[in-house]
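# Notes for the structure review
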Amino acid sequence: MDGSKEMGVGVGLRNVSSHCSISEMDDYDLSRLLDKPRLNIERQRSFDERSLSELSIGLARGGLDNFESTCSPGGRSGFETPASSARNSFEPHPMVADAWEALRRSLVYFRGQPVGTIAAVDHASEEVLNYDQVFVRDFVPSALAFLMNGEPDIVKNFLLKTLYLQGWEKRIDRFKLGEGAMPASFKVLHDPIRKTDTLIADFGESAIGRVAPVDSGFWWIILLRAYTKSTGDLTLAETSDCQKGMKLILTLCLSEGFDTFPTLLCADGCSMIDRRMGVYGYPIEIQALFFMALRCALAMLKPDTEGKEFIERIVKRLHALSYHMRSYFWLDFQQLNDIYRYKTEEYSHTAVNKFNVIPDSIPEWVFDFMPTRGGYFIGNVSPARMDFRWFALGNCVAIMSSLATPEQSMAIMDLLESRWEELVGEMPLKISYPAIESHEWRIVTGCDPKNTRWSYHNGGSWPVLLWLLTAACIKTGRPQIARRAIELAENRLLKDNWPEYYDGKTGRYIGKQARKYQTWSIAGYLVAKMMLEDPSHLGMISLEEDKQMKPALKRSSSWTC
Ligand code: GLC
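Below, the structure is looked at part by part. Because the structure is a prediction, the values reported are computed rather than measured.

Calculation notes
Residues numbered from 1 in each chain as written. Predicted model: local features only at pLDDT ≥ 70, side-chain atom pairs only at ≥ 80, totals over all residues. Heavy atoms only, no water. Core = buried A, V, L, I, M, F, W, Y, C linked by side-chain atoms within 4.5 Å. Buried < 20%, exposed > 50% of the residue type's maximum accessible area, 1.4 Å probe, protein only. Helix = DSSP H or I, 4+ residues; strand = E, 2+ residues; numbered from the N terminus. Pairing = 2+ DSSP bridges. Contact = heavy atoms within 4.5 Å. Axes fitted to C-alpha atoms, helices over the stretch in contact; angles between N-to-C directions. Near = heavy atom within 4 Å. Polar contact = N/O pair within 3.5 Å; in protein donor to acceptor, adjacent residues only side chain to side chain. Areas by Shrake-Rupley, 256 points an atom, 1.4 Å probe, with all protein chains shown as cover. Expected span 1.5 Å × (residues − 1). Salt bridge = Lys/Arg side-chain N within 4 Å of Asp/Glu carboxyl O. Arc of directions from axis to C-beta. Phe/Tyr/Trp six-rings, centres within 6.5 Å; stacked < 30°, edge-to-face > 60°. Lys NZ or Arg CZ within 6 Å of the ring centre and 35° of its normal.

## Notes on the nonpolar core
Of all hydrophobic cores here, the largest spans 170 residues; its most connected members are Leu144, Trp220, Tyr376, Leu465 and Trp467. Per element, the largest residue contribution to this core is 13 residues, and it comes from helix 10 (residues 284-300).

## Topic: the sheet that holds strand 7 (residues 196-202)
Pairing between the strands of a sheet is mediated by backbone hydrogen bonds and can be parallel or antiparallel. Strand order in the open sheet formed by three strands is 3-6-7, and the pairing between neighbours is antiparallel. The sheet is open, and its two borders are formed by strand 3 (134-135) and strand 7, each paired with just one other strand. Where strand 3 and strand 6 (residues 185-191) come together, two bridges link them in antiparallel fashion. Each residue of the ladder has a partner; that of Phe135, found in strand 6, is Ser185. Seen against the sheet, helix 6 (residues 153-166) touches strand 3, strand 6 and strand 7 and runs at an angle of roughly 65 degrees to strand 7.

## Examining the site of the ligand
Around the ligand, the neighbouring residues are Ala119, Tyr131, Phe135, Arg137, Asp138, Met272, Asp274, Tyr456, His457, Glu500, Gln518 and Trp520. The separation between an oxygen atom of the ligand and a polar side-chain atom of Arg137 is 2.9 Å. Contact between the ligand and His457: an oxygen atom at 2.7 Å from a side-chain N or O atom of the residue. Considering the ligand on its own, with 310 Å² of exposed area, one finds that the protein chains cover 96% of that surface.

## Notes on helix 7 (residues 214-231)
In an α-helix, one full turn covers 3.6 residues, which means residues spaced three or four apart are oriented alike. Along its 18 residues, helix 7 runs 27 Å from first to last C-alpha, staying within 8% of the 26 Å computed at 1.5 Å per residue. Among the 18 residues in helix 7, 16 count as buried, and that is most of the element. Of the residues trailing helix 7, Gly232 is marked for its positive phi of about 75 degrees.

## Here we look at the pairing of strand 6
On a regular strand, one side chain projects to one face of the sheet and the next to the other, so that they alternate. Here strand 6 runs beside strand 7; their pairing, made up of seven bridges, is antiparallel. In the sheet register, Val188 faces strand 7, and the bridge partner there is Leu199. Where strand 6 hands over to strand 7, the hairpin turn is made up of four residues, of which Lys195 adopts a positive phi near 55 degrees.

## Quick look at the pattern of salt bridges
It is possible for side chains of opposite charge to pair when their charged atoms get near one another. In the structure shown here, the tally under the stated rule is 16 salt bridges. With a shortest N-O distance of 2.8 Å, Glu169 and Arg171 are connected by a salt bridge. Residue class for Glu169 comes out exposed when judged on its relative accessible area of 52%. The residue Lys529 makes a salt bridge to Glu490 at a minimum N-O spacing of 2.8 Å.

## Details of helix 17 (residues 438-445)
Looking at helix 17, one finds that the buried residues are Trp441, Val444 and Thr445. Seen from one end, helix 17 has its buried residues packed into an arc of 80 degrees, which puts them on one side.

## What to know about unusual backbone geometry
The linkage connecting Pro428 with the following residue, Leu429, adopts the cis geometry, with an omega of 10 degrees. Note that Leu429 resides in the loop between helix 16 (420-423) and strand 13 (432-433). Cis geometry is adopted by the peptide bond preceding Pro434, which originates at Tyr433 and carries an omega value of -10 degrees. In the Ramachandran plot, Ala384 falls in the positive-phi region, its phi being about 55 degrees despite a non-glycine side chain.

## Looking at the packing of aromatic side chains
Within this structure, the stated rule accounts for 23 aromatic pairs. When the ring of Tyr433 is compared with that of Trp454, the centres are 5.8 Å apart and the planes differ by 45 degrees; the resulting orientation is tilted. Taken together, the positions of Tyr433 in strand 13 and Trp454 in the loop between helix 17 and helix 18 (465-475) put the pair 21 residues apart, joining distant regions of the chain. Trp454 carries the same exposure label as Tyr433, and that label is buried. Members of the aromatic cluster, connected to one another through ring pairs, are Trp365, Phe369, Tyr376, Trp390, Tyr433 and Trp454. Here the guanidinium or amino end of Lys161 rests over the ring plane of Tyr164, the centre of that ring lying 6.0 Å away. Looking at Arg385, its charged tip hangs above the ring of Tyr280, at a distance of 4.1 Å from the centre.

## Topic: the environment of Gly379
Of note, Gly379 is situated in the loop between strand 9 (375-377) and strand 10 (380-382). Exposure remark for Gly379: the relative accessible area of 2% places this residue in the buried category. With 95 residues separating them in the primary sequence, Gly379 and Ile284 have C-alpha atoms 5.1 Å apart. Contacts of Gly379, omitting those with residues within four sequence positions, involve Tyr282, Pro283, Ile284, Phe329, Asp387, Arg389 and Phe391.

Here it is in structure tokens:
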């Protein structure tokens, strides 16, 4: 980059001049950051202009024909939005109006201000459990829907409320949790007599199984960036409170320990799959969110003395993480064949089979499942363990965050197309594939009656995943895949009262214990529709590829590197 364009310290969200070339406009340049002190990378371009360039690169590559080259901060594209109807000659799907009404019914207020959406407004359900709470992860599609519809205030309120909750002292019995932990969910208690509102939050100390919401902090950072990009309002992310909140989350996940891998070690049930499902270790969902949150934080951290240290650590971690994920989590036909022929018990640096995976541990199903063209990030990799299952959220986030290379992103879409029956079936989208059954189910889930085969987290189909699929489709220039999936959802969702999940091999049955009017099923649908209608919305939730990370990828196409 031309030195004359460098600005020095002081600007929180890094800026690049609008007249520099596309390659100069990279979100960040990892290798340069590693070599040089961080002060040199300030560039004169607004956060919003950067988003535009990111978007146009992505879409140009994908060859999207209906992309408008204007990013619309605060632009409306949902129901009752003049901008949207003016752009399209067709009427919005009748479901869209119902969805907006249902979404608004789920709003939660604190002292008169909307601060989030309740997980499910299901009056028919006998057991409320914690579905009457605002879940951080569940609120993400709601937030995106509001942002895309030009209603950012609720998102700002949510970000500030959860930031405030982060400051609470968190304990489980006599054990104090990490300072940076964000809640899984919170609730507002209204006292009509005293006319007071009180917040209560759950950081895992009340959750079934006492599971840790590792994903909450990552979603919080990702949402802060989405808010900033969508509104162009840099002031929120720049406040010392938000800067501190980010740093506390980063301190938790960048701390040094005994790790030999750059991936983040987690207990079971640490994210959307919040029950024991054999996702302990290094689950793809967390790794992809970790990567995305690191990249978002990098764009928002102020390069002051403390900030600079974090930035340096992030840059190093991103390098190592992307290399590790792209090399060892990636599975395609070639890779599978290589693993199948592995030698074991290799010692020293020359080992090809680094984690000593025993070929006999490869499950039978994966040989038939793997198409000649296509691939995906597998569920988990650790010593002598590869979880070959497909997990939708992690793979979609890998595409959105550019953890997946463009080739890998295309391969994931190829896989989705060629395994449509298995991964989409009658209701998008399978949370994981395949289901665990019989003896394996007993051992892996601890005989969990909620997670029986092809139900819930164990091969169930979750409509909320539609927005992630749609984002991945637009990013890879294949919106027609999303259209197909949305059509399937439109056949059933409203009629079935917006279930939380569907069961069965093809997702044909409303889930055994699925809530109705599940908010993220509703919001996920709206976000998918709005993104397809106006693909520029993708910019708030997607990150362009960093070219500097590419050389590592080339080498990583083979396990032997
Ligand atoms: C279930 C899901 C979890 C979700 C929560 C609220 O526990 O597994 O991902 O956040 O319900 O909808």
